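Descriptive structure summary
Below, each chain spelled out in residue letters.
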Amino acid sequence: MKIAEVIGKVTLSRRHPSLDGARWLVAIPLKSDELNSKKLNSKKKKKTEPFVIYDELGASPGCQIAVSEGAEAAAPFHPDVKPIDAYVSAILDQVEVY
């Protein structure tokens, strides 16, 4: 599982029929030193690559989210099959790193 910050949304012209009722977001994975900050410094150059995530929870730009990837991303939908590789599993209110 990764922690990421939502930076935008994806607009689709076509989608698989099993993906009704949700949307796609673009997020950047956060490094451990970025977890305690509320907002990322937009002037700071990001070294991580943004990725696309399936969202049913309603996360918005600026939210910190927990992301499940791979087989774990599709597990909540079993026995249904959804063609996804990353899923928003939680919207985080606060993250504390000790």
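Residues numbered from 1 in each chain as written. Predicted model: local features only at pLDDT ≥ 70, side-chain atom pairs only at ≥ 80, totals over all residues. Heavy atoms only, no water.

**Some details on the overall build of the protein chain**
In plain terms, the rule: A run of DSSP states H or I qualifies as a helix once it reaches four residues; a run of E qualifies as a strand once it reaches two. Both are numbered from the N-terminal end. Shrake-Rupley sampling with a 1.4 Å probe provides the accessible areas, and residues are treated as covered by the protein chains on show and by no other component.
Along the backbone of the protein chain there are one helix and five strands. Carbon and sulfur atoms form 52% of the exposed surface of the protein chain, whose accessible area is close to 6600 Å².

**What to know about the packing of aromatic side chains**
Counted only if it meets this: Stacked, tilted and edge-to-face are the three classes assigned to paired rings of Phe, Tyr and Trp, where Trp is represented by its six-membered ring and a pair needs centres within 6.5 Å; plane angles under 30 degrees give stacked, over 60 edge-to-face, the rest tilted. Only protein chains enter the accessibility calculation, which uses a 1.4 Å probe; a residue whose area is less than 20% of its type maximum is buried, one above 50% is exposed, and one in between is partly exposed.
Across all of its chains, the model carries two aromatic pairs by this definition. On the basis of an interplanar angle of 65° and a centroid distance of 5.3 Å, the ring pair of Trp24 and Tyr54 is categorised as edge-to-face. Taken as a pair, Trp24 in strand 2 (residues 23-29) and Tyr54 in strand 3 (residues 51-55) lie far apart in primary sequence, 30 residues in all. Judged on exposure class, the residue Trp24 and its partner Tyr54 are both buried. Ring geometry for Tyr54 versus Tyr87: centroids 6.3 Å apart, planes at 25°, classification stacked.

**Side note on the nonpolar core**
Selection criterion: In plain words, nonpolar cores are sets of buried Ala, Val, Leu, Ile, Met, Phe, Trp, Tyr and Cys residues tied together by side-chain atoms within 4.5 Å. Contacts: residue pairs with any heavy atoms within 4.5 Å of one another.
Of all hydrophobic cores here, the largest spans eleven residues; its members are Ala4, Val6, Leu25, Ala27, Phe51, Ile53, Ala59, Ile65, Val67, Ala86 and Val88. Contributions of two or more residues to this core are made by strand 1 (2-10), strand 2, strand 3, strand 4 (64-69) and strand 5 (86-92). If sequence neighbours within four positions are ignored, Ile65 has contacts with Lys2, Ile3, Ala4, Val6, Ala27, Ile53, Ala59, Val88, Ala90, Ile91 and Leu92. Counting seven residues, the second largest nonpolar core, distinct from the first, contains Tyr54, Ala73, Phe77 and Tyr87.

**A word on the pattern of salt bridges**
Cut-off, in case you're wondering: Take a side-chain nitrogen of Lys or Arg and a carboxyl oxygen of Asp or Glu: if they are within 4 Å of each other, that pair is a salt bridge.
One pass over the structure, following the stated rule, counts two salt bridges. The salt bridge involving Lys2 is made with Glu69; its shortest N-O contact spans 3.6 Å. In this pair, Lys2 is assigned in strand 1 and Glu69 in strand 4, connecting sequence segments 67 residues apart. With relative accessibility at 34%, the residue Lys2 sits in the partly exposed group. With its nearest N and O atoms 3.4 Å apart, the salt bridge here joins Asp55 to Arg23. Pair noted here: Asp55 is in strand 3 and Arg23 is in strand 2, with a separation of 32 residues, a long-range link. Since its relative accessible area comes to 2%, Asp55 is described here as buried. Under the relative-accessibility criterion, Arg23 is labelled partly exposed at 33%.

**Structural notes on the confidence of the model for the protein chain**
For clarity, the cut-off: A residue's pLDDT is the confidence the predictor assigns to it, expressed on a 0 to 100 scale.
The predicted model of the protein chain averages 82 in pLDDT, with 88% of residues at 70 or higher. Helix 1 (residues 71-74) is the least confidently modelled element of the protein chain, averaging 80 in pLDDT, while strand 5 averages 93, the highest of any element.

**Things to note about the pairing of strand 1**
On a regular strand, one side chain projects to one face of the sheet and the next to the other, so that they alternate. Here is the rule: Any two strands between which DSSP finds at least two bridges are classified as paired.
Note: strand 1 against strand 4, four bridges, orientation antiparallel. Bridge pairing in strand 4 places Lys2 opposite Val67. Pairing of strand 1 with strand 2 involves six bridges; the strand directions are antiparallel. Within strand 2, the residue paired with Lys9 across the bridge is Leu25.

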